[in-house]
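Listed below, chain by chain, are the residues.
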Amino acid sequence: MLEKKDKIDGKEDQLEKGDFLALLIAAISVFWPILLGAIFVLALFIFGWNAFFS
């Protein structure tokens, strides 16, 4: 595993300048397709339900 050179035992790591933006971009790139997939499955379920019972 890679570690920071200035890591001090017993101290919390602090975010560096671009870390928050990188974490935000990574989270969006992971959760956006999952959210779209869930909406698509829900839409298919609703469409199927309406087609079957009407």
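Our structure's up above, just so we're on the same page.
Residues numbered from 1 in each chain as written. Predicted model: local features only at pLDDT ≥ 70, side-chain atom pairs only at ≥ 80, totals over all residues. Heavy atoms only, no water.

**A word on the packing of aromatic side chains**
Okay, so step 1: All chains considered together, the criterion is met by three aromatic pairs.
Okay, so step 2: Measuring from centroid to centroid gives 5.9 Å for Phe 45 and Trp 49, while their planes differ by 40 degrees, and the two rings are tilted. Taken together, the residues Phe 45 and Trp 49, both in helix H1 (residues 19-53) and four residues apart, mark about one turn of the helix.
Okay, so step 3: The exposure class of Phe 45 is exposed, given its relative accessible area of 54%.
Okay, so step 4: Between Phe 52 and Phe 53, the aromatic rings sit 4.9 Å apart at their centres with planes inclined by 90 degrees, giving edge-to-face as the arrangement.
Okay, so step 5: Of the residues examined, Phe 53 reaches a relative accessible area of 54% and is grouped as exposed. (Phe/Tyr/Trp six-rings, centres within 6.5 Å; stacked < 30°, edge-to-face > 60°. Helix = DSSP H or I, 4+ residues; strand = E, 2+ residues; numbered from the N terminus. Buried < 20%, exposed > 50% of the residue type's maximum accessible area, 1.4 Å probe, protein only.)

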